[in-house]
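# Fold and geometry: a report
Each chain, written out:
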Amino acid sequence: MSNDIEVKIENNIFEYLSENLNKPKEEIKSLYSIVIKNTVAGVNNKNYIVQIYNKSNNSLVNTVFYKHFQGTCSLADRDLEADVVKYLGENNMGPKLLKYDKEEKSYRIDEFVNNGRNVLIEEHLQYDIINNVFKILSQYILFDDFYKYKIDSTNIVIENINNSKIENDKINFISIILSYSEQSKIAYNKFCDEVNAYYKKNPGTSIMTIEGSDIKRDMNEIRDYINNFKEIYINLIKNKNYFLCISHNDVHRLNLLIDNNKKLYLIDNENIMLNFIGSDAVLYLYLCVFNVLPCYAFNEHLLNLDKFYNYYLEYYDMIKDKLKKYEDKYDFKYLKSREYFYFLVKIISIYGIIFCSANVNFQKEYLDKSCYNYSRHVHDRYKIYNMANK
């Protein structure tokens, strides 16, 4: 850890204690000491566990979770993130927000969940876990209004359906995916060229055949898809009377904590933005087929879209009361249709294809084996996309 960050964390923690205990910061420094520990970092932030000790007897007084934000990011709306964290904490569905640097948006201090652990792989599809995850996710649509979108060429217009106000400043996944598509095209074309050059020099190799999946065999089809992505994506989503709402957008077992009382918390809201209603619920089910740690695996035997659809209907039952507010103007029956469910599966597959293809690296993935296998994840997401597209 750099000394600059450590000094900043220490200063911010003492400021928090001073405000919370209503004592001058210098007095707080004389009373307490802190220990800072690194923990798993997010995409756009560094995370630390900070232990606060009483200097007089060296007893542990409190432990907090400190998030250090790393500059600006198109995927992060820090104010919205803080508002949602505060809302979830107040409703006992997430760690409580203790302090947020609203002015500079450089850090946030959250409650630390003592003895919290992640949901295990074997627990991912247990009914009580799914039910509790859906209960939390249903709260996200209570946080804000619904929005509709229009597409003019590749320009996205976002409109609040409650007051018909245009709010194009709202970060949304439609625009984010389109913004990533060119980067994905460049990276994946380079990847394919490097693969073809390697196979030309090393004919007969099976370096890209993994657990029965031939990544190279399907590579050119995926390449064509990525090269034509914008047109395919816009044709998929345009002229649809579908609505957007505030969504977590990264709902998986490693962003879920269970405490000693089996209370479930959803964490890591750094990707919060507008997305299609229900996308979070489908995303959670979808991601149960993938292992990321300790190594990547695609557990295709767990992929049962008919079963997932029935689970999704239970999520719909949890949000239908919210929909009544708008039913005199809008028809939300489409939300429980199988067609819409499969649309969400395709949308979620697309997210993975585009984000992962932007990071593919043949040398590191197959020769050095020093990084996450992004190309395999692209391959597997594309496979699910085609299953939902039939």
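Attention in this report is confined to the structure presented alongside it. (Residues numbered from 1 in each chain as written. Predicted model: local features only at pLDDT ≥ 70, side-chain atom pairs only at ≥ 80, totals over all residues. Heavy atoms only, no water.)

Axis angle and axis distance: for two packed helices, these are the angle between their axes and the distance between the axes, and together they describe the pair. Helix α8 (residues 279-287) packs onto helix α4 (residues 127-140) with a crossing angle of 155° between their chain directions and a minimal axis gap of 10 Å. In terms of axis orientation, α4 runs roughly antiparallel to α8. The two elements α4 and α8 cross, and the hand of that crossing is right-handed. Of α8, the residues touching α4 (which contributes I129, I130, V133, F134 and L137) are D280, A281, Y284 and L285. The class makeup of the residues in the contact of α4 with α8 is eight nonpolar, no polar and one charged. (Axes fitted to C-alpha atoms, helices over the stretch in contact; angles between N-to-C directions. Helix = DSSP H or I, 4+ residues; strand = E, 2+ residues; numbered from the N terminus. Parallel < 35°, antiparallel > 145°, perpendicular 65-115°, else oblique. Left-handed = near helix turned anticlockwise from the far one by under 90°. Contact = heavy atoms within 4.5 Å. Nonpolar A, V, L, I, M, F, W, Y, C, P; charged D, E, K, R; others polar.)

Moving on, we come to helix α12 (residues 374-389). Given a rise of 1.5 Å per residue, 16 residues ought to cover 22 Å, and the 22 Å separating the end C-alpha atoms of α12 matches this to within 8%. Every buried residue belonging to α12 is among S375, R376, H377, V378, H379, D380, R381, Y382, I384, Y385 and A388, and all of these are buried. (Expected span 1.5 Å × (residues − 1). Buried < 20%, exposed > 50% of the residue type's maximum accessible area, 1.4 Å probe, protein only.)

Here the focus is the packing of helix α5 (residues 173-201) against helix α10 (residues 338-357). Two elements in contact, α5 and α10, have axes whose closest approach is 7 Å; the angle formed by their N-to-C orientations is 45°. Regarding the angle of α5 to α10, the classification is oblique. Considering how the two elements wind past one another, α5 and α10 form a crossing that is left-handed. Note on element contacts: α10 touches α5 through I350, Y351, I354, F355 and S357, opposite F173, I176, I177, Y180, S181, S184, A187 and Y188.

To continue, consider the nonpolar core. Grouped together as the largest cluster of nonpolar side chains are 105 residues, with contacts concentrated most on F191, Y233, F276, Y312, F332 and Y340. Among the elements that make up this core, the one with the highest residue count is α10 (14 residues). Once you skip the residues sitting within four places of it in the chain, Y233 turns out to touch F173, I174, I177, L178, I347, I350 and Y351. Counting 17 residues, the second largest nonpolar core, distinct from the first, contains I13, I34, I36 and Y107. (Core = buried A, V, L, I, M, F, W, Y, C linked by side-chain atoms within 4.5 Å.)

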